Amino acid sequence: MINSLLERKIEKRPDKVRLQGRILFLTEDPELIKRQLAGEDLAWDTKNPAANPKLRDDISTDEITPAHYCFYFDETLGEIPYLGLKCGSVTPIGRGDVKRGGFVCAVSGKRRGKGSSREQSPYAEMCAGIRVVIAENIERIYKQNCQNLGLLTSTNFSLIDQIRAGQEIALSEFTAGEDEITRQVIEYGGLFPFNVARIQGKVFLPPIRPAGDGARATQSSATRAMTLAEKIFARHMMNEKGEIGVASVKPGDTGFARSDLRFSHEYVTPMAAIFFERYVGKDAQVNDPSSIIFFRDHLTFLDEVISEEKKKLGLLDLATQLKLKQQDFAAKQGIKLHGELTDRKGSEGICHSIVLESYALPGQLNIGSDSHTPHVGAIGCVAFGIGTTDVFNSWITKDVRVKVPESVKIVIRGKKHANVTAKDFILKILSLDYVRSGQALAKVMEYAGEAIEELSVDERATMTNMAAEIGGFTGIVAPDKKAVDFLVERRSMDRKKAEAMIQGLYSDPGAKYAHVIELNAGEITPMVATPGDPGNGKYVRELNTPVPIEIAYGGTCTAGKNEDMDMYAAVLADALKQGKRVADSVKFYIQFGSQETRDYCMRKGYLEVFQKAGAHVIEPSCGACINAGPGVSTRPDQVVISAQNRNFPGRSGPGQMYLASPLTVAASAVAGYIVEYEPSEKKELVGA
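Given the structure is predicted, the values throughout are model-derived calculations rather than measurements.

(A) Local environment of the overall build of the protein chain. Helix and strand counts for the protein chain come out as 29 helices and 24 strands. Taken over the C-alpha trace, the protein chain has a radius of gyration of 24 Å; the compact-globule value for 688 residues is 26 Å, and the two agree within 12%. Along the longest, intermediate and shortest principal axes, the C-alpha atoms of the protein chain span 75 × 65 × 50 Å. Counting every position in the protein chain, which comprises 688 residues, the buried fraction comes to 63%. Long-range contacts, defined here as pairs at least 24 residues apart, represent 75% of the contacts in the protein chain between residues at least 6 apart. Accessible surface computed for the protein chain: about 25,000 Å², of which carbon and sulfur atoms make up 48%.

(B) Structural view of the sheet that holds strand 14 (residues 407-413). The sheet built from four strands is open, its strands ordered 16-15-14-17 with parallel pairing. Strand pairing shows two members of the sheet lacking a second neighbour, strand 16 (474-477) and strand 17 (515-520), which therefore form its edges. Mean inter-strand twist for the sheet, computed between neighbouring axes without regard to direction, equals 20 degrees. Note that strand 15 (residues 444-448) and strand 16 share four bridges and pair parallel.

(C) Structural view of the pattern of salt bridges. Overall, the coordinates contain 49 salt bridges when judged by the stated rule. Notably, a salt bridge pairs Glu230 with Arg224, separated by 3.2 Å at the nearest N-O pair. Looking at Glu230, the relative accessible area reads 1%, which means it is buried. Exposure remark for Arg224: the relative accessible area of 15% places this residue in the buried category. If you follow the salt bridges from partner to partner, you end up with Lys12, Glu180, Arg183 and Glu187 in one network.

(D) The arrangement of the packing of aromatic side chains in detail. Evaluation of the coordinates by the stated rule reveals 20 aromatic pairs. Seen in terms of ring centroids, Phe276 and Trp395 are 5.9 Å apart; in terms of plane orientation they differ by 70 degrees. Their pairing is edge-to-face. Taken together, the residues span a long stretch of sequence, with Phe276 in helix 13 (residues 269-279) and Trp395 in helix 17 (residues 388-397) at a distance of 119 residues. By the ring-pair criterion, three or more aromatic residues cluster together here, those being Tyr123, Phe192, Phe275, Tyr279 and Phe392. Sitting above the plane of the Phe473 ring, Arg140 keeps its charged end 4.3 Å from the centroid. A cation over a ring is seen here: Arg198 above Phe256, with NZ or CZ 3.6 Å from the ring centre.

(E) Quick look at the sheet that holds strand 4 (residues 132-134). Taken together, four strands build an open sheet; the order of strands is 2-3-4-5 and the sheet is parallel. Looking at the sheet topology across the chains shown, the edges are occupied by strand 2 (22-25) and strand 5 (152-154). Taking each pair of neighbouring strands and ignoring which way they run, the sheet shows an average axis angle of 25 degrees. Two strands pair when backbone bridges link them, and strand 3 (residues 103-107) and strand 4 are joined in this way by three bridges, in the parallel orientation. Among the inter-strand pairings, Ala106 is bridged to a residue of strand 4, identified as Val133.

(F) Quick peek at the nonpolar core. Ranked by internal contacts, the top residues of the largest apolar core, which has 78 residues, are Phe233, Phe384 and Trp395. The contacts of Phe233, once residues within four sequence positions are left out, are Val249, Leu365, Val382, Phe384, Val402, Val404, Pro405 and Phe473.

(G) Local environment of the environment of Asp533. Relative to the assigned elements, Asp533 resides in the loop between strand 18 (527-529) and strand 19 (537-539). For the pair Asp533 and Arg401, spaced 132 residues apart in sequence, the C-alpha to C-alpha distance is 30 Å. Excluding residues that lie within four positions of it along the chain, Asp533 makes contacts with Asp58, Lys114, Arg436, Asn647 and Phe648. A distance of 2.7 Å separates a polar atom in the side chain of Asp533 from a polar atom in the side chain of Lys114.

(H) Quick look at the side chain of Asp297. Within the element layout of this structure, Asp297 appears in the loop between strand 9 (292-295) and helix 14 (308-312). Look at Asp297: it is buried, it has no salt bridge, and the nearest opposite charge is Arg296 at 7.8 Å. From its side chain, Asp297 meets the backbone nitrogen of Cys351 in a polar contact 2.7 Å long. The residues touching Asp297, leaving out its near neighbours within four places in the chain, are His265, Glu266, Ser347, Gly349, Ile350, Cys351, Ser621 and Cys622.

(I) Molecular detail of the pairing of strand 9. Residue alternation in strand 9 divides its side chains into two sets, Ile292 and Phe294 and Ile293 and Phe295, and both sets are buried. Pairing of strand 8 (residues 261-265) with strand 9, which is carried by four bridges, proceeds in the parallel orientation. Residue pairing across strands places Ser264 opposite Phe294, the latter belonging to strand 9. Tracing the backbone out of strand 8, into helix 13 and back to the parallel element strand 9 gives a crossover that is right-handed.

(J) Up close: the side chain of Asn145. Note that Asn145 resides in helix 6 (residues 140-149). On the accessibility criterion, Asn145 (1% relative accessible area) is buried. Within the structure, Asn145 has its side chain in polar contact with the backbone oxygen of Ser117 (distance 3.0 Å). Contact partners of Asn145, with chain neighbours within four places excluded, come to Ser117, Arg118, Glu119, Pro122 and Gly387.

(K) Region of the structure containing helix 23 (residues 481-491). Residues Ala483, Val484, Asp485, Phe486, Leu487 and Arg491 constitute the buried set of helix 23. Each element contacted by the buried residues of helix 23 is listed here: helix 16 (351-359), helix 21 (457-465) and helix 24 (495-501). For helix 23, the side-chain oxygen to backbone nitrogen distance between the N-cap and Lys482 is 3.0 Å, and the N-cap itself is Asp480. The positive-phi residue at the C-terminal boundary of helix 23 is Ser492, with phi of around 60 degrees.

About the thresholds
- Residues numbered from 1 in each chain as written.
- Predicted model: local features only at pLDDT ≥ 70, side-chain atom pairs only at ≥ 80, totals over all residues.
- Heavy atoms only, no water.
- Helix = DSSP H or I, 4+ residues; strand = E, 2+ residues; numbered from the N terminus.
- Rg over C-alpha atoms; globule rule 2.2 N^0.38 Å.
- Buried < 20%, exposed > 50% of the residue type's maximum accessible area, 1.4 Å probe, protein only.
- Contact = heavy atoms within 4.5 Å.
- Areas by Shrake-Rupley, 256 points an atom, 1.4 Å probe, with all protein chains shown as cover.
- Pairing = 2+ DSSP bridges.
- Axes fitted to C-alpha atoms, helices over the stretch in contact; angles between N-to-C directions.
- Salt bridge = Lys/Arg side-chain N within 4 Å of Asp/Glu carboxyl O.
- Phe/Tyr/Trp six-rings, centres within 6.5 Å; stacked < 30°, edge-to-face > 60°.
- Lys NZ or Arg CZ within 6 Å of the ring centre and 35° of its normal.
- Core = buried A, V, L, I, M, F, W, Y, C linked by side-chain atoms within 4.5 Å.
- Polar contact = N/O pair within 3.5 Å; in protein donor to acceptor, adjacent residues only side chain to side chain.
- Lys, Arg positive; Asp, Glu negative; His and termini not counted.
- Right-handed = clockwise from strand over helix to strand, strands pointing away.

Right, dumping it as structure tokens:
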């Protein structure tokens, strides 16, 4: 394999680009978008931005390429971009509109590309003719996916005039401010050609030097105070000799980090496999298949909810092809596949659930094809989501491109209320101006403080998992006795081995942070995120009028863990004692994150509680969270309360989705409207 790449001809792209075509402004006003699709070029004053129409902020990858259309993994995606884009209650862009419009550039506001790590989104834009995207700021994974594919990105709105004038633009406009490696990835037109050039020795990999003044750095600066994440990066970064590990790293250092574990699921594996076979070779072998894992976890229940219209488009058949392609590639390469059950419908488990339960270890560096890969940061490892091109390149090199991120320390002090959970903590964090304005983008979220220390590993995983919604690089909690107990009790690991594993895994005194957020747990009461965005957080008691619900959903990687099941069971058992059950007007779905969690519920007797209370129990799968299983809405006016992690427009059906904790979801299912859970025996402020 390497020999064939050594002989591959690779050249840089021209140092000037001319972008000939129209500009599509993704505005909040749907009529302005429709006029552009009809052929009108929207007036835009780059010198007086206040005079321009308001651009859509927070455009998610769910809106760029709705989940069902990600079953395509070829150029057909060019008909799809912005199909889910919502402007008010309107979705103004139809299938093929962007491609027919001759657009070369798409412009939007803040936090473009938030949400899922799906590389289908920038790939769809490219296949529709888009060559550059411009936004006020751009989410990390989406931006990296664009760079990996060769799609240009910029936050410089003055380029609009140059594009409209048909002027040549220096490629350096798109590399300005980027690190040395990213600059070269852009210059070579994508990650794969860059990596081939890297294998051929044609690229410059900057050495990681100790903090200080270049060659005059002192020994003390070589061992600078580091955050927990920086320590783990230092252990995994490759030096200029290709050896693993450097003395220290600091934010902004760039290089390649050797991964301990690489995983992907059926949404991504097939596209990555096709890239691998196309660019490397059909008979080529992946590097170290023993450290690669595949999962069939996203689409197990799709046939139960997919519409007849989508079936007629062949989307269900395409989803089956995703499964088969992953199976075939896994068998050919000797890669472990956690697949579907053989004796009943369902999967072995959601990738994040299984990786936490069975694979990830403190101090590791793990990469996965999903934005919620930070889930396993709950036991003190650095784990982050990557796109398709990064996945297939990691199969060649076993490493991943990294720019060491800054860290944000989030300290939650004090004791929490009995009806408050980690989900309430993270919804509160997501509502803060620092997060909503995009200042936390691409940073490590390090959670600390007494209230975090009191959380179990399952609850900590809710915090690290939803670093993805913050737009963070990853989330992490320093491993402690609770992490050791988790490894001993859930993995049957020797206690002394587990204790040795966490040694040194803490942030040094004096470690530098980009920002510190401090919260008092006692001031936080149960939260919801109102429909449209996880950042729309408010306290349940701030809802002005009762909000009746039709669907309650408890599950997904975020809320399908053992302790989440404890919460659903506690609320429903409490209701049964009071002669209550799930309201007649509500369907309450509880979905396990893994078979291990299902077995746990059986041992605890929870299945009987769920059944008696009127909840519908579902085998493991991502399910409703990605509009692919029971629990999705079917009407725009339908109100859902869910313990999942995202409520972007259209992500889980057309309805109005509120996000909340497992306790709030279960209590609301019983009440028939959104309420705080009040235990029948009230308790004072307590630890988790």
